[in-house]
Amino acid sequence: MSDFLLLAFLFLVAGVAAVPIASRLGLGSVLGYLIAGIILSPMLAVLNVDVVSIQHFAEFGVVMMLFLVGLELEPKMLWAMRNRLLGLGGLQVGGTTALIAGVVWWFGADWRIALACGLILAMSSTAIVLQTLNEKGLMKGDGGQASFSVLLFQDIAVIPILALVPLLAMPGAHHGGGDEGHGASLSLVAGLSGWQTTLVTAGAIALVIAGGMFLTRPVFRYIAQARLREIFVATALMFVVGIALLMTLVGLSPALGTFLAGVVLANSEYRHELESDIDPFRGLLLGLFFMTVGAAIDFGLLFGDFAVIIGMTVGVMLAKALVLLIAARVFGLRGSEKFLFGLGLAQAGEFGFVLTSFAVANAVLPDDLAPRIMLVITLSMMLTPALFILYDRVIRPRYDREEPRDADEITEPGIAIVAGHGRFGGVVNRMLLAAGYETTVLDYSAAHLDMLRSFGVRGFYGDATRPDLLHAAGIDEAKLLIIAIDDKDQATELAHYVHHNHPHIHIIARARDRRHVYQLFAAGCRDIIRETFDSSVRAGRSAYEALGMHPFEAERLARAFVKEDRHALYELAQLWDPAVPDHINEPYRLKARELMTDADLRARGGAFRERSARGWVPPTEQDQAESSARDEAPEGP
Amino acid sequence: MSRVLHYAAHPGLSTSRINKAMVQQARAVSGITTLDLYEEYPRYDIDIEDEQQRLLEHDVIVLQFPLFWYSCPALVKEWLDLSWEHGFAYGHNGDKLAGKRLMLAITTGSPQDAYRPQGYQHHEIRQFLLPFEQTAHLCQMRFVTPYVLHGALHADPLAHAQGFARLLEALRDDRLDLDRAQELTILTHDTLPIVEV
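Attention here is on the structure that accompanies the text. (Residues numbered from 1 in each chain as written. Chains lettered and ligands numbered in written order. Predicted model: local features only at pLDDT ≥ 70, side-chain atom pairs only at ≥ 80, totals over all residues. Heavy atoms only, no water.)

1. Regarding the nonpolar core
Residue and element names in this part refer to chain A. Phe-148, Phe-259, Phe-290, Phe-341 and Leu-365 are the most contacted members of the largest nonpolar core, which totals 134 residues. Examining the composition of this core, we find that 13 residues originate from one element, helix α18 (residues 369-402), more than from any other. A domain-level breakdown of this core finds at least three residues from each of domain 1 (50-402) and domain 2 (412-531). Dropping the residues within four chain positions of it, Phe-259 is found in contact with Leu-66, Phe-67, Val-69, Gly-70, Leu-73, Leu-78, Phe-148 and Leu-152. (Core = buried A, V, L, I, M, F, W, Y, C linked by side-chain atoms within 4.5 Å. Buried < 20%, exposed > 50% of the residue type's maximum accessible area, 1.4 Å probe, protein only. Helix = DSSP H or I, 4+ residues; strand = E, 2+ residues; numbered from the N terminus. Domains from an automatic or database assignment. Contact = heavy atoms within 4.5 Å.)

Following this line, the structure appears as structure tokens:
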């Protein structure tokens, strides 16, 4: 127990200390984690910690990340990506493998070893690349999408590569079974013939898709009705872990399985809730993963053979960048996007670790080469943040200046978030949709959302007052937040939170009554709509008309009433103080009395009516007499 | 018989003397359509389809309003701008109003002698009404000499309002001599060229 606590504490301290510094210096969180890992490594060595086994555990963060990526990607978007996925991905994996294998072979290695090296080093790091792209907001651009296509293709390609590697075993040099990397000890497909394996595998994928489509919604609805946050989180984790397990059992990449499940759930109303629930786990695990990568650097080996290792690392990255840039050209990536793609994916990745140990176990790679490859992979991952910085500071500014940005660079149009889709929010949402605006609806009633879905309105389940859910719903990119939730205090809290943390967002808040207006005003909100005020005013205007008032006069009078009332409300809202009870708040009390006297005068003397009729009133007899005396144009036109 | 469409437009009808009396008299005339534009559209949300349908269904359009700053009140302009559309009233295929008659019935605050080159308005009243006259011509309509009351603040509401009612009846029964009217600059309650049967 104390071992576990010590270890957890060490990793947390290292991460907490290093990452904010790296972020502040503009190096990105990944580099911060990697450096934290390096700093930790002597301590871990003293404590005799098995860094590699921690790394295998932390790799689950990659699985979660792909689930999250899947959630962002609707099936039709995935289908639209198919050409790039196969073309770019195939070109990258095939080209890089061939190039690296060729070079290794040219140095005099056996062709089987050369090919294994090529395959291992062709893989890139999903963890680093996706984390960095997301962090920098580059994921939705052209280069980011292309990078993602390639990473996804690599995920798929790992499966046939794992099948291919044993065939490359050096004749005679038999290692004898051994540990198969970190493959599952359990398997559903062990001992089955080829077609049976295929059948089981296809069945598992079908199960994931069908489960995602038909099973998740009732389960989540059932859980949502319990309104227990941690059970919802547990359910989400259960799904992700379960899918990963199933995929491992049939020998598929767990990341691929959860990615598929994510895509299936991308249309679901629980998408944002799932995103915000899984995201912290993903972040922590990936951080741990990056730290283990840093901690796994074998400095003895590095300094013992410094020039060769560095040379190999730079060579691998140059080769990968070259292939990537060619592929980018073939697929028409332009300008800075081409370099984002070329530099971003130039490292080797965590799949390389898996493949290397797998290759060693299958007697494909000699024992002395494998640690060097591992080191090269690690170093190339370490260098990746530097390449992203190079891209950010040198390459992009140049292209930004040189060419006008493509129209499709605008990742998402100004989105409005509608919090609460009841009688009030529902109308607002309908109006926005009718005018062609994109909205994201959040509501905390699963039953209500079901009803909406049956009418074709897209809404997401979740408590809009939770910052993480707002984040998942895209508050960072949104232009507008409409607060239409029923609970007064929650609405005020939400307005306060968003006003202070996302000052760029325009907030339109629904107030339940006058006091709620004051509260929202104090929370920083300035676009406050009283929910029944407008309809009451219309009823008042109808009453004027029914009593024989000319409709246009009724309209003007109603407008004047609204103006006066809003003015009074505004005056009072400025004096109102949530911390001071009204009867003690002297300025508020005085102003309220003053405004009340005004209203009374109006009622008795009809001054209000007279004021609102200003305009179109002919000059009085007296006015006319005075102006003719001075020989001016008396009566106007 | 002609189908007469009468629009009254005064944003402050309750403070008006003449225009209110005119509306009251007009409402008593049978067989014509009389409407208060500010009552129809207190929120300016003019229904173009409805208005064009109304225009199609009538032969004589009478616009009654007080002259504000040498023009009509804002809602009349809004109504013109929206319902007298291109392709309907003018322009390509815009002949739906061709052959109809347009007539104004206006009141002015200034006395008649102000509307002379030597008067303080410096121009004849018809000069100020040219935009309406040209609107009618562009739409291939006949612009009928306007029915005018100068010095409306001091004038007798009843005589003018009763004259207006007789004018509307004459338009309805095709008894207004348009050619004789055309020789006059303005029509007043005591100069109406009505053909008695």
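2. Here's the deal with the environment of Gly-300 of chain A
Residue and element names in this part refer to chain A. Positionally, Gly-300 belongs in helix α14 (residues 299-304). For Gly-300, a relative accessible area of 53% corresponds to the exposed category. Remark: the alpha-carbon pair of Gly-300 and Phe-11, spanning 289 residues in sequence, is separated by 23 Å.

3. What about the sheet that holds strand β3 (residues 60-66) of chain B?
Residue and element names in this part refer to chain B. As summarised here, the arrangement of the five strands in space is β2-β1-β3-β4-β5, forming an open sheet in which the pairing is parallel. In the strand order of this sheet, the two ends are held by β2 (33-36) and β5 (142-149), each with one partner. Averaged over all pairs of adjacent strands, the angle between strand axes in this sheet comes to 15°, irrespective of strand direction. Sheet analysis places β3 next to strand β4 (residues 101-107), joined by seven bridges and oriented parallel. Of the residues in β4, the one forming a bridge with Phe-65 is Ile-106. Against the sheet, helix α6 (residues 130-138) touches β3, β4 and β5, its axis set at about 155° to β5. (Pairing = 2+ DSSP bridges. Axes fitted to C-alpha atoms, helices over the stretch in contact; angles between N-to-C directions.)

4. Regarding the interface of chain B and chain A
Often, the extent of an interface is quoted as the loss of accessible area on bringing the components together. Between chain B and chain A, the residue contacts involve 25 residues of the former and 20 residues of the latter. Interface area, chain B with chain A, both sides summed: about 1700 Å², of which 60% is carbon and sulfur. Where chain B touches chain A, the interface holds one salt bridge. Its salt-bridge partner being Glu-555 of chain A, residue Arg-43 of chain B comes within 2.5 Å of it at the nearest N-O pair. Across the contact surface, chain B and chain A share three residue pairs in polar contact (both at pLDDT 80 or more). (Buried area = accessible area lost by both parts, 1.4 Å probe. Salt bridge = Lys/Arg side-chain N within 4 Å of Asp/Glu carboxyl O. Polar contact = N/O pair within 3.5 Å; in protein donor to acceptor, adjacent residues only side chain to side chain.)

5. Considerations on the pairing of β2 of chain B
All names here are of chain B. Sheet topology note: the strand β1 (residues 4-8)/β2 ladder contains four bridges and is parallel. Bridged to Ala-8 within β2 is Asp-36. Assessed by its sense of winding, the connection that carries the chain from β1 through helix α1 (residues 18-27) to β2 is right-handed. (Right-handed = clockwise from strand over helix to strand, strands pointing away.)

6. Examining the packing of aromatic side chains
All names here are of chain A. With the rule as written, the count across this model stands at 25 aromatic pairs over all chains. Between Tyr-33 and Phe-290, the ring centres sit 6.2 Å apart and the planes meet at 35°, which makes this aromatic pair tilted. Highlighted residues: Tyr-33 in helix α2 (residues 29-46) and Phe-290 in helix α13 (residues 271-295), separated in sequence by 257 residues. Phe-290 sits in the buried class, given a relative accessible area of 0%. Put simply, the rings of Phe-220, Phe-232, Phe-239, Tyr-270 and Tyr-461 touch in pairs and so form one group of aromatic residues. When the ring centre of Phe-521 is taken as origin, the NZ or CZ atom of Arg-526, which lies over that ring, is 3.6 Å away. Note that Arg-530 overlies the ring of Phe-533, its terminal NZ or CZ placed 3.8 Å from the centroid. (Phe/Tyr/Trp six-rings, centres within 6.5 Å; stacked < 30°, edge-to-face > 60°. Lys NZ or Arg CZ within 6 Å of the ring centre and 35° of its normal.)

7. A few points about the environment of Val-498 of chain A
Residue and element names in this part refer to chain A. Along the chain, Val-498 falls in helix α22 (residues 488-501). Take Val-498: its relative accessible area is 0%, and that puts it in the buried class. In this structure, the C-alpha to C-alpha distance between Val-498 and Leu-470, residues 28 residues apart in sequence, is 9.2 Å. Setting aside its immediate chain neighbours within four residues, Val-498 contacts Leu-470, Ile-475, Leu-481, Pro-503, Ile-505 and Ile-507.

8. Some details on a negative patch on the surface
All names here are of chain B. A cluster of acidic residues, Asp-45, Asp-47, Glu-49, Asp-50 and Glu-85, forms a negative patch on the protein surface. Looking at the element boundaries, Asp-47 is found in the loop between α2 (37-40) and α3 (48-56). The partly exposed category is assigned to Asp-47, whose relative accessible area is 32%. (Patch = residues over 30% accessible without salt bridge, like charges linked within 9 Å, V, L, I, M, F, W, Y side chains within 5 Å. Areas by Shrake-Rupley, 256 points an atom, 1.4 Å probe, with all protein chains shown as cover. Lys, Arg positive; Asp, Glu negative; His and termini not counted. Charge placed at Lys NZ, Arg CZ, Asp CG, Glu CD.)

9. Regarding helix α7 (residues 157-172) of chain B
Residues and elements named next belong to chain B. With 16 residues, α7 should reach 22 Å at 1.5 Å per residue; the first-to-last C-alpha distance of 23 Å fits that figure. Tucked into the core, α7 has its buried residues touching β1, α1, β3, β4 and β5. Backbone geometry just downstream of α7 places Asp-174 in the positive-phi region, at approximately 55°. (Expected span 1.5 Å × (residues − 1).)

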